Amino acid sequence: MPNFPHSGPRANRARRTVSVLLASAIAFTGMAFAQTYPTKAVRLIVPYGPGTAPDVLGRIAADALQRKLGQAIVIENRAGAGGKIGTEAAALAAPDGYTLFLGTKDSQSIIPNLYPTWNIKPYQALAPVSVLARIENVLVARAASPLKSYSDVKTQAQSRELSYGTPGVGTNLHLMVELLKSRQDLKLMHVPYSKSFAEAVPALLRGDLDLLMAGLPPMLPFLKDGRLKALAVTGTSRSRYAPDVPTFDELGIRDLETGGWFGIFVPTGTPAPITSKLQQELAEIVKSDEFKVRLETLAAEPWSVTPSQLTGMIEEERNRWGKLIQSSNIVLN
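This structure is a prediction, so every number in the text was calculated from the model and none was measured. For every chain, the first residue of the written sequence is number 1, and numbering continues from 1 onward in sequence order. For this predicted model, a pLDDT threshold of at least 70 governs which residues receive local features, and a threshold of 80 or more governs which side-chain atom pairs are given and counted, while totals over whole chains, interfaces and linings are taken from all residues. Calculation of side-chain values draws on the structure's entire complement of heavy atoms; hydrogens and water are dropped beforehand.

## Quick word on the overall build of the chain
Now for step 1: Per the convention used, a helix needs a DSSP run of H or I reaching at least four residues, while a strand needs a run of E reaching at least two, with both numbered from the N terminus. A count of helical and extended segments in the chain gives twelve helices and eleven strands.
Now for step 2: Expressed as a percentage of the 333 residues in the chain, the buried residues total 50%.
Now for step 3: Any two residues whose heavy atoms approach within 4.5 Å are treated as being in contact. Of the contacts made within the chain by residues no fewer than 6 positions apart, 78% connect residues no fewer than 24 positions apart.
Now for step 4: For the accessible areas, the method is Shrake-Rupley and the probe is 1.4 Å, while residue cover comes only from the protein chains on display. Accessible area of the chain: about 15700 Å², with a carbon and sulfur share of 54%. Accessibility here uses a 1.4 Å probe with only protein chains present; expressed as a share of the type maximum, an area under 20% marks a residue as buried, one over 50% as exposed, and anything in between as partly exposed.

Shown next, in the form of structure tokens:
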């Protein structure tokens, strides 16, 4: 160790010099690490099952990213508890750049409010790298239903109870309807299809359900063949996949403009040079024509926001949905 004077101007200058040299060495090491990264396969944890929209989107992004990085991106489906199991696995992973996470509104903003005693805080444990895309949500009824518009739903649900289906308790789709219910004093009964959402459409067509709140992509075939009709869709403007359907925003409901979004996260503490490299590569992917074309198979739209913007959005949504979950007493154990 250098023998510095204990005090005085000379000692202070020496300590500052050493600090600068150490910082420079650390920065150089980080940059060198990023230049060689990755040297082995990287895993992408998807907190939902194979074949779901998040899984397909994750595979599209992984395919493009592995071509840029020169190493395989291995999809690891860790489904269960509405995304909680996969989220926890990613949050506890080593922050070394070899674990990526496909995060959503549910994983980052909603799930923490549903499990108040959970020791994992995804919005702290996982750092945003890049948003990939967004998928709008839609409120639908069967074609033969007397509910021809959202205005009909509002009128009917103020005088009698209507049933609605979603993929499960605490999903963003469930909370969207609960927000409508609380804001407009509607009588709506939730029917969750957490084991198999595929059963929800047949139930709606049979008349067992009055309404369904779902992602727009899986509903499009039923809308196109006329078996279902869309009453309202999320988004700040009409979806190009359903241009005749009004947005909730158009109908005066201002808090339902956001559908589902999907982004890549890393465990907090992942070296900044690696995070920056991933940000750069993913930004190019999201802007590419190839990515946009492949998203069309999901009726999804590429979406570009900065990591800091996404952090702010996660916080805003966590507070908004947290208040609703608390007031509606929606808690999972």
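After that view, the rundown keeps rolling.
## Description of the sheet that holds strand β7 (residues 188–192)
Now for step 1: Ordered in space as β7-β6-β8-β5-β9, the five strands form an open sheet in which the pairing is mixed. Bordering the open sheet on either side are β7 and β9 (228–233), each of which pairs with just one other strand. Across this sheet, the average inter-strand angle for adjacent strands is 30°, counted without regard to direction.
Now for step 2: Pairing of strand β5 (residues 137–142) with strand β8 (residues 211–215) involves four bridges; the strand directions are antiparallel. Paired with V140 across the strands is L212, a residue of β8.
Now for step 3: Lines fitted to C-alpha atoms define the axes here, with helix axes fitted over just the stretch in contact, and angles between the N-to-C directions of these axes take values from 0 to 180 degrees. Sitting on the sheet, helix α6 (residues 150–157) is in contact with β5, β6 (162–166), β7, β8 and β9, with an inclination near 125° to β6. At least two DSSP bridges between two strands are needed for those strands to be called paired.

## Comments concerning the packing of helix α7 (residues 172–184) against helix α12 (residues 307–327)
Now for step 1: For the pair α7 and α12, the least separation of the axes is 11 Å and the interaxial angle reads 70°. Accordingly, the angle class assigned to the pair α7 and α12 is roughly perpendicular. α12 is crossed by α7, and the crossing has left-handed handedness. Facing L175, M176, E178, L179 and S182 of α7, the residues of α12 in contact are W321, L324 and I325.
Now for step 2: In the contact of α7 with α12, the residues fall into six nonpolar, one polar and one charged. Angle categories are assigned with fixed cut-offs, so that under 35 degrees is roughly parallel, over 145 is roughly antiparallel, 65 to 115 is roughly perpendicular, and the rest are oblique. Handedness of a crossing is defined here by the sense of rotation of the near helix relative to the far one, left-handed for an anticlockwise turn of less than a right angle and right-handed for a clockwise turn. Nonpolar residues are Ala, Val, Leu, Ile, Met, Phe, Trp, Tyr, Cys and Pro. Charged residues are Asp, Glu, Lys and Arg, and all others, Gly as well, are polar.

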